[in-house]
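One-letter residues, chain by chain:
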Amino acid sequence: MTDRPKKALIVVTGTYGDSQLTALRAPPQDAAALAEVLGDPTIGDFDVAVLRDPGCQELREAVEEFFAERAAEHTLLLHFSCHGLKDGSGTLYLATKDTRCVRLASTAVPAEFVSGLMLASVARRAVVVLDCCYAGAFERGILTRADTDAHVEDSFQTLGRMGGGSQRGRAVLAACGAVEFAREGTTAAPSFFTRTLVKGIRSGDADLDGDGEIGLTELHEYVCDELRELTPHQTPRLWVFGAHGGDLPIARAPARLAKPPPLPEEVAAHVRSRSPTRRLWAIEDLESLLHGDDIGLALAAATALERLSGDDSRRVADSAGKVMSSARPRVRQDSLDLGTIAMDSPMPAAVIAVEGAPLVHSTLEATADAPWLAAKQVTDGVEVRVKEVPQPGPHEARVLIRTATGEASVPVQVQVGRKYRPPKPDGISMEMGAISLLGHQSWKPPQPPPPRRPSEPLMHWPFTSAAVFLAVSLSVFPFAADLGSAFGSSAGWLTWPVVGVSIVVNTVVSLRARRDAAVPRSMASSWGYSALTVLLATGTFLLFGVYIRSPATIVAVLSLTCACIAMLIGAIALWGAALSG
């Protein structure tokens, strides 16, 4: 983390090893959305770190490190998005990827551990946000995310000892009450609680008193009102300790568009009319206002068209929907490929061109769903930039473009290669570089060698044929009448060991060539195979004069002759491969 006085740690756990804990879709989205708005220098101005799917010990160490070694001027925010569990005594635990439900004390992190570290920190302000969940029910496409008995205020009751005399404000903001559920939708999007939290901070709507700052109490009130519309059975809770009756500031409220002016009276009268025909007339006027240069009237027109798109008249609803669709933001490319980058190279950036009415550009907001990617509005659209290098390999993220008239999504791909380290120059190359510099010539560092051209596959049939002919000669020779002299003479002592070795060598080379495996293509291998061929040919020549006495020996000698011819062809193939490689 940098030296900014505001620090945030976002802990998200979506996958679990215990089968009793179902995977959560929301935490990765929670992290991306919250990290972006908190890290925005114009809004949260937090130095944000994200910890994804930690183990129990890893989480303990990270939380202790987060609260330790802080200065008095620091403001700390710790956010959890995970399962929440309770043991038989009522202690609240935060689940990690290696949590076992039957061993909470040793595999999960108790809330008292977090509250104790927060209380001991010397930072002036510290906030813990709990979007902790325990998916124990599923009803109508909604995942419930809490232990129904999770009394958060009891788990953090030690913070109440701070009293009014403390100079250090502490607060706990929880997604739900003691007997309620924190919920996430059935799609991969931030949870209801975190989604509303981010919306209030990003838009500035959570600045209820209009003083330009969003306090934690204001944020809590805003989230409660918004969640009441989404899920009436979830009411967030807030506990503040040691703040002397004041509020704990969390973020600056961004500049908001002024309240849209009223529509012209004639147009407004048509919009309110009970006649579908007059409402259709209003849509024509609203379309002109929507695409006009007056942003205030364009916003008012968009609001009216959004309402008319749900009209009970099919013609009115379809016409309003078509007008709104025509004003949606348009992007020129279906996807954005940032190419291939090395881990030590400059981070690439590109612009996604966005087209649309003036209202589109005035209300445009862009976010990325991956921590390594940043997106911000520029004159012509959205600038996309890799802000931190991910691990080597292919990576993909999405940039979401939001406007008052609709949304657009653009996938972004990047390929990350490993860092290239050039070979260390030797004394000669260093000396040549110095000479070049003295001669006022540019010296270029050594380049990596060009990729080696792949070798042509080696034909296998000469080696297969040689092995077959050698095996035939060795198998028929015991049937010869002169068996004793055949193995006892000097010609026998030369020929038959060479035959045995040749069978093994040719079989191995044949099998490897058939499977396109690596076959030795060196000069030494070619010389060795050639020598074996010469020895076999010499032994075969001797057998012509010594053992031509029976049909069996004739077959053996002829088989050896054919094997010699096949091995000669194989030797030529090996020499060609060695010389071309």
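Remember, it's a predicted structure, so these values are computed and weren't measured experimentally.

Draft legend 1. Summary view of the overall build of the protein chain. Of regular secondary structure, the protein chain possesses 18 helices and 21 strands. Scored against the burial criterion, the 581 residues of the protein chain give a buried share of 46%. Taking all contacts inside the protein chain whose residues are at least 6 apart in sequence as the whole, residues at least 24 apart take part in 72%. Just so you have it, the protein chain exposes about 29,200 Å², and 57% of that area is on carbon and sulfur atoms.

Draft legend 2. Here's a closer look at the side chain of Thr 107. Examined against the element boundaries, Thr 107 turns out to sit in helix H3 (residues 104–107). Apart from residues no more than four positions distant in its own chain, Thr 107 is found in contact with Cys 56, Thr 96, Asp 98, Thr 99 and Arg 100.

Draft legend 3. View of the environment of Gly 356. Among the secondary structure elements, Gly 356 is positioned in the loop between strand S16 (349–355) and helix H12 (358–362). Those residues within four positions of Gly 356 in sequence are excluded, and the remaining contacts are Arg 330 and His 361.

Draft legend 4. Highlighting helix H6 (residues 192–203). Helix length check: H6, at twelve residues, gives a terminal C-alpha distance of 16 Å against a target of 16 Å (1.5 Å per residue), a fit within 8%. In terms of burial, H6 is a largely internal element, nine of the twelve residues being buried. Inspection of H6 places Phe 192, Phe 193, Thr 194, Thr 196, Leu 197, Val 198, Gly 200, Ile 201 and Arg 202 among the buried residues, and these make up the whole buried set. Where H6 terminates, the next one or two residues include Gly 204, which has phi positive at roughly 85 degrees.

Draft legend 5. Main features of the side chain of Arg 170. Take Arg 170: it is sitting in strand S9 (residues 169–174). Buried charge Arg 170 goes without a salt bridge, the closest partner of opposite sign being Glu 73 at 12 Å. In this structure the side chain of Arg 170 is engaged in a polar contact, spanning 2.8 Å, whose partner is the backbone oxygen of Ser 121. Side-chain polar atoms of Arg 170 contact the backbone oxygen of Ala 123, separated by 3.0 Å.

Draft legend 6. Looking closely at the packing of aromatic side chains. What the rule picks out here adds up to one aromatic pair. Where Phe 66 meets Phe 67, the ring centres are 5.3 Å apart and the plane angle is 70 degrees; that geometry is what we call edge-to-face. Under the relative-accessibility criterion, Phe 67 is labelled buried at 3%. The ring of Phe 113 has Arg 60 lying over it, and the distance from NZ or CZ to the ring centre is 4.9 Å. Across from the ring centre of Phe 66, 5.3 Å away, lies the NZ or CZ of Arg 70, which sits over that ring.

Draft legend 7. Quick peek at the packing of helix H9 (residues 276–290) against helix H10 (residues 295–308). Look at H9 against H10: their axes get within 8 Å of each other, and the N-to-C directions meet at 145 degrees. Considering how the two elements wind past one another, H9 and H10 form a crossing that is left-handed. Between H9 and H10, the residues in contact are Arg 279, Ile 283, Leu 286, Leu 289 and Leu 290 and Leu 297, Ala 298, Ala 301, Ala 302, Ala 304, Leu 305 and Leu 308, respectively. For the contact of H9 with H10, the class distribution of residues is eleven nonpolar, no polar and one charged.

Draft legend 8. Up close: a negative patch on the surface. The grouping of Glu 58, Glu 61, Glu 64, Glu 65 and Glu 69 at the surface amounts to a negative patch. Assignment of secondary structure puts Glu 69 in the loop between helix H2 (56–67) and strand S3 (75–86). Judged by relative accessible area, which is 76%, Glu 69 ranks as exposed.

Draft legend 9. Layout of unusual backbone geometry. Here Asp 45, not a glycine, exhibits a phi torsion of approximately 55 degrees, which is positive. With respect to the helices and strands, the residue Asp 45 is situated in the loop between helix H1 (26–39) and strand S2 (47–52).

Draft legend 10. Examining a nonpolar patch on the surface more closely. Nonpolar side chains collect at one region of the surface, where Val 468, Val 472 and Val 555 lie side by side and expose about 200 Å² of accessible area between them. Within the secondary structure, Val 472 sits in helix H14 (residues 461–476).

Draft legend 11. Quick look at helix H7 (residues 216–230). With 15 residues, H7 extends 21 Å from end C-alpha to end C-alpha; this agrees with the ideal 21 Å at 1.5 Å per step. Turning to H7, its buried residues are Leu 216, Glu 218, Leu 219, His 220, Tyr 222, Val 223, Cys 224 and Leu 227.

Draft legend 12. Just the nonpolar core, in detail. Core analysis: the largest hydrophobic core is formed by 35 residues, its most contacted members being Phe 67, Leu 78, Phe 80 and Val 114. Mapped onto this core, the elements with two or more residues apiece are strand S1 (6–12), H2, S3, strand S4 (92–94), helix H4 (111–120), strand S6 (125–133), S9 and strand S12 (237–241). In contact with Leu 78, other than residues within four places in its own chain, are Leu 9, Val 11, Val 63, Phe 66, Phe 67, Val 114, Val 127, Val 128 and Val 129. Judged by nonpolar contacts, the second largest core, of 34 residues, contains Leu 34, Ala 171, Leu 173 and Leu 219.

Draft legend 13. Here's a closer look at the confidence of the model for the protein chain. This prediction gives the protein chain a mean pLDDT of 76; 74% of its residues lie at or above 70. Segment residues 426–445: pLDDT under 50, and five contacts once partners within four positions in sequence are set aside and those in other chains are kept.

Draft legend 14. Here's a closer look at the sheet that holds strand S14 (residues 330–331). Ordered by their spatial adjacency, four strands build an open sheet running S14-S16-S19-S18, and the pairing between neighbours is antiparallel. Each edge of the open sheet is held by one strand with a lone partner, namely S14 and strand S18 (373–378). For S18 and strand S19 (residues 381–386), the ladder comprises six bridges, and the chain directions are antiparallel. From the neighbouring strand, Gln 377 faces S19, where its bridge partner is Val 382.

Draft legend 15. Up close: the pattern of salt bridges. Scanning the model with the defined rule gives eleven salt bridges in all. The partner of Glu 226 in a salt bridge is Lys 199, with the nearest N and O atoms 3.5 Å apart. Taken together, the residues Glu 226 in helix H7 and Lys 199 in helix H6 connect sequence positions 27 residues apart. Overall, Lys 199 belongs to the partly exposed group, its relative accessible area being 43%.

Draft legend 16. Fine view of the state of the cysteines. Applying the stated criterion to the full structure yields zero disulfides. Looking at Cys 562, it has no disulfide partner, and the nearest cysteine sulfur is the one in Cys 564, 9.2 Å off. The partly exposed category is assigned to Cys 562, whose relative accessible area is 33%.

Draft legend 17. Structural view of the packing of H9 against helix H11 (residues 314–326). Between H9 and H11, the shortest axis-to-axis distance is 10 Å and the interhelical angle comes to 5 degrees. Of the possible angle classes, the one that applies to H9 and H11 is roughly parallel. Here Pro 276, Arg 279, Leu 280, Ile 283, Glu 287 and Leu 290 of H9 lie close against H11, whose contacting residues are Arg 315, Val 316, Ser 319, Ala 320, Val 323, Met 324 and Ser 326. Considered class by class, the residues forming the contact of H9 with H11 number eight nonpolar, two polar and three charged.

The rules we used
Residues numbered from 1 in each chain as written. Predicted model: local features only at pLDDT ≥ 70, side-chain atom pairs only at ≥ 80, totals over all residues. Heavy atoms only, no water. Helix = DSSP H or I, 4+ residues; strand = E, 2+ residues; numbered from the N terminus. Buried < 20%, exposed > 50% of the residue type's maximum accessible area, 1.4 Å probe, protein only. Contact = heavy atoms within 4.5 Å. Areas by Shrake-Rupley, 256 points an atom, 1.4 Å probe, with all protein chains shown as cover. Expected span 1.5 Å × (residues − 1). Lys, Arg positive; Asp, Glu negative; His and termini not counted. Salt bridge = Lys/Arg side-chain N within 4 Å of Asp/Glu carboxyl O. Polar contact = N/O pair within 3.5 Å; in protein donor to acceptor, adjacent residues only side chain to side chain. Phe/Tyr/Trp six-rings, centres within 6.5 Å; stacked < 30°, edge-to-face > 60°. Lys NZ or Arg CZ within 6 Å of the ring centre and 35° of its normal. Axes fitted to C-alpha atoms, helices over the stretch in contact; angles between N-to-C directions. Left-handed = near helix turned anticlockwise from the far one by under 90°. Nonpolar A, V, L, I, M, F, W, Y, C, P; charged D, E, K, R; others polar. Patch = residues over 30% accessible without salt bridge, like charges linked within 9 Å, V, L, I, M, F, W, Y side chains within 5 Å. Charge placed at Lys NZ, Arg CZ, Asp CG, Glu CD. Core = buried A, V, L, I, M, F, W, Y, C linked by side-chain atoms within 4.5 Å. pLDDT = per-residue confidence, 0-100. Pairing = 2+ DSSP bridges. Disulfide = S-S within 2.5 Å. Parallel < 35°, antiparallel > 145°, perpendicular 65-115°, else oblique.

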